[in-house]
Amino acid sequence: VQMLTVDAAVSALLALLVLALACVQILGHLHSPDIEGLVYDVAVLPALIHPALTLYFVPSYRAIIWSCFGLRKSTISVAQQRDIYIANM
């Protein structure tokens, strides 16, 4: 539930940012190629943020990632890691 809440909040914030950039351009009569490009750059952010949120909020994924970087000893067996890997292929 927490992951879905954060995921929805990130999506809403990014949608508001795109809307704000569009309003600045339309209502402020600012026609800048930089602002137009920034709208597309911001629209790509969910594709970068959502997988990272999944890796952080799902405990089994988080344990595997942390063990890969040596941050924490993995509490998941090798067989469970293999099953998770195969399930996500």
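Residue indices follow the written sequence of each chain, beginning from 1 at its first position. Only residues with pLDDT of at least 70 get local features here, since the model is predicted, and only at 80 or more are side-chain atom pairs given and counted; chain-wide, interface and lining totals rely on the full set of residues. The basis for every side-chain value is the complete set of heavy atoms in the structure, and neither hydrogens nor water enter the calculation.

Under an unreviewed UniProt entry, the name given to the chain is G protein-coupled receptor, and the source organism is Pristionchus mayeri.

Draft legend 1. Representation of helix 1 (residues 2-27) within the structure. Note on conventions: DSSP H or I runs of at least 4 residues are helices, E runs of at least 2 residues are strands, and numbering of each starts at the N terminus. Between the first and last residue of a helix there are one fewer steps than residues, each counted as 1.5 Å, and that sum is the expected span. The end-to-end C-alpha distance of helix 1 is 37 Å, a good match for the 38 Å that 26 residues give at a rise of 1.5 Å each. Those residues of helix 1 that sit buried are Val10, Leu14, Leu21 and Gln25. Among the residues trailing helix 1, His29 stands out with phi positive, at a value near 55°. Only protein chains enter the calculation, and the probe is 1.4 Å; a residue is then buried if its accessible area is under 20% of its type maximum, exposed if over 50%, and partly exposed in between.

Draft legend 2. Here's a closer look at the UniProt feature "signal peptide" (unreviewed entry) in the chain. Residues given the UniProt feature "signal peptide" (unreviewed entry) here are residues 1-28. Helix makes up 93% of residues 1-28 and strand 0%, with an end-to-end C-alpha separation of 39 Å. UniProt positions are given in the numbering used here, feature names are shortened, and annotations may be inferred rather than shown by experiment.

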